[in-house]
Amino acid sequence: MKKIIKILSPVLCFMLIFVCLFGCSKRGESTPVEPENFRVSAYIVANGLDEKTFDSSNINCVTDIIMFGNANYDEQGKVTLTDAFEQDIKVIRKFMTNQDLYLNILGPGCQTESDDWNDQMHDLADRNTSAFESGILERGIKEVLDKYDFDGVVFDYEFPLRNKDWRAFDKFILSLDSVLGDEYEIGMSMVGWNLKQSKDAMDATDFFEVMSYDLWDDDGRHATMDIAVDDIEAFTKKGYDKAKLDLGVPFYARPTTKEAYWYNYNEYYDKISDDGLYEDKELGLTFSFNTYDMIKEKTRWALDNGVGGMMVWHYSCDVPAGNEKSLFGAIETAKQNAVHSK
């Protein structure tokens, strides 16, 4: 009998491990999202907006506006706004209809002289952690949200790579959530390959902008459909509710060889091939865009698979509404098709 027990014990241990690893999945449950509630969030780069030149024609395709580029916090946790901040809000609100408005706030930048990317990210993380631990950043953010009547705050913190960086960020998000309460929402821009957020911080964050761009497939294609699917799957496997996710799409191109060039869609939309490529003969580079059809396909897939919305980087890169190749038009068409097919 003792021999049988000795033989069975390793088997039972293996079965227990197998059940824990594969039977108790952390995969997130997806809250159903009705097509009419499907979000379309767009970053508006704002640091000196002019209502005479701002193209508001696509604004009604957007449900959530994220104002970017005119608010920062330093290592001491002090929040600063640019001189153009109030003018930017004035311009955006002039054209808003029923959109929610969020403040994107950026932290201290990297100051190391190292060319190593990891060194740069570690330096950036150290400076942001200092702000998170200052004890004043939470109140500073709330004061701005209160004064200018925002709906919430969005963080674009790239990237807390080390576990200690994530712990500091998570602790801050929980503290911020306690300060903001139910009055304001917290959003976060994140990438699918760096998901170390704690469950508590995940729950305290109201929505996530999935930065599914500046990524290439083996053929050098930028931000493909497969990359988008893989990114959402990575979040889901980590336990994120898909209804909290906005699938990010680029309204710009990157070279197939990954050089540091960004080409806006509205400057090349009539020059790119059906598969989204534009050859810049002067530079000797081929640029890979998301076309109208690609954006429509991604939106349709997101709607069909329980994703909460789409996110656009960034608003001013599209052609005006009414242009048959408008990328916002592609999102809106897919969304309305889903509404009418219910």
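Residues numbered from 1 in each chain as written. Predicted model: local features only at pLDDT ≥ 70, side-chain atom pairs only at ≥ 80, totals over all residues. Heavy atoms only, no water.

A.B. asks: Would you mind showing me how to read the packing of helix H7 (residues 225-237) against helix H9 (residues 292-304) here?
C.D. replies: Relative placement of two packed helices is described by the angle separating their axes and the distance separating the axes. Between H7 and H9, whose axes approach to 10 Å, the crossing angle comes to 25°. Relative to H9, H7 is oriented roughly parallel. Every pair of crossing elements has a handedness; the one defined by H7 and H9 is right-handed. Contacts from Met225, Ala228, Val229 and Ile232 of H7 reach H9 at Met294, Glu297, Lys298 and Trp301. For the contact of H7 with H9, a count of residues per class yields 6 nonpolar, no polar and 2 charged. (Axes fitted to C-alpha atoms, helices over the stretch in contact; angles between N-to-C directions. Helix = DSSP H or I, 4+ residues; strand = E, 2+ residues; numbered from the N terminus. Parallel < 35°, antiparallel > 145°, perpendicular 65-115°, else oblique. Left-handed = near helix turned anticlockwise from the far one by under 90°. Contact = heavy atoms within 4.5 Å. Nonpolar A, V, L, I, M, F, W, Y, C, P; charged D, E, K, R; others polar.)

A.B. asks: Looking at this structure, I do not really get helix H5 (residues 163-180). What am I missing?
C.D. replies: Because an α-helix packs 3.6 residues into every turn, residues spaced three or four apart end up facing the same way. With 18 residues, H5 extends 26 Å between its outermost C-alpha atoms, agreeing within 8% with the 26 Å of an ideal straight helix rising 1.5 Å per residue. Listing the buried residues of H5 in full gives Asp165, Trp166, Ala168, Phe169, Asp170, Phe172, Ile173, Leu176, Val179 and Leu180. Directly after H5, the chain includes Gly181, whose backbone phi takes a positive value near 60°. (Expected span 1.5 Å × (residues − 1). Buried < 20%, exposed > 50% of the residue type's maximum accessible area, 1.4 Å probe, protein only.)

A.B. asks: Mind showing me how you'd approach the nonpolar core here?
C.D. replies: Core analysis: the biggest nonpolar cluster contains 99 residues, and Ile141, Phe150 and Phe155 have the highest contact counts within it. Considering each element in turn, this core owes the most residues, 6 residues, to H5. When near neighbours in sequence (up to four residues on either side) are disregarded, Phe155 contacts Tyr73, Asn104, Ile105, Ile141, Phe169, Phe172, Ile173, Leu176, Ile186, Gly187, Met188 and Ser189. (Core = buried A, V, L, I, M, F, W, Y, C linked by side-chain atoms within 4.5 Å.)

A.B. asks: Explain the environment of Gln87 to me, please; I cannot follow it from the model alone.
C.D. replies: Within the fold, Gln87 resides in helix H2 (residues 85-95). What makes Gln87 partly exposed here is its relative accessible area of 36%. Residues Gln87 and Ala46, spaced 41 residues apart in sequence, show a C-alpha to C-alpha distance of 9.4 Å.

A.B. asks: I'm lost on the environment of Lys199 in this one. Help?
C.D. replies: Note on placement: Lys199 falls in helix H6 (residues 199-204). Separated by 77 residues in sequence, Lys199 and Gly276 have C-alpha atoms that sit 38 Å apart. Of note is the side chain of Lys199, whose polar atom sits 2.9 Å from the side chain of Asp203. (Polar contact = N/O pair within 3.5 Å; in protein donor to acceptor, adjacent residues only side chain to side chain.)

A.B. asks: Explanation requested: the sheet that holds strand S7 (residues 185-190) in the structure shown.
C.D. replies: Backbone hydrogen bonds hold the strands of a sheet together, and the pairing may be parallel or antiparallel. If you walk around this closed barrel you meet the 8 strands as S1-S2-S5-S6-S7-S8-S9-S14, and the pairing is parallel. Across the sheet, the mean angle from the axis of one strand to that of its neighbour is 25°, orientation sign disregarded. Alignment of strand S2 (residues 64-68) against strand S5 (residues 100-105), held across 4 bridges, turns out to be parallel. Within the sheet, the bridge partner assigned to Met67 lies in S5 and is Leu103. Of the strands in this sheet, strand S6 (152-155) and S7 are in contact with H5, which crosses S7 at around 155°. (Pairing = 2+ DSSP bridges.)

A.B. asks: Can you help me understand the pairing of strand S14 (residues 309-313) in this one?
C.D. replies: Strand residues, when the strand is regular, have side chains that alternate between the two faces of the sheet. Of all the 5 residues making up S14, 4 are buried; the element is thus mostly covered by neighbouring parts of the structure. Bridge count between strand S1 (residues 39-45) and S14: 4 bridges; the pairing is parallel. Pairing of Ser41 across the sheet is with Met311, part of S14. In this sheet, S14 lies alongside strand S9 (residues 245-250) in parallel orientation, the contact comprising 5 bridges. Across the sheet, the residue bridging to Leu247 is Met310, located in S14.

A.B. asks: What is the right way to look at the pairing of S9 in this model?
C.D. replies: The buried count for S9 comes to 6 of 6 residues, which makes it a mostly enclosed element. Alternating residues of S9 divide into Leu245, Leu247 and Val249 and Asp246, Gly248 and Pro250, and every residue in both groups is buried. For strand S8 (residues 207-210) and S9, the ladder comprises 3 bridges, and the chain directions are parallel. Within S9, the residue paired with Phe208 across the bridge is Leu245.

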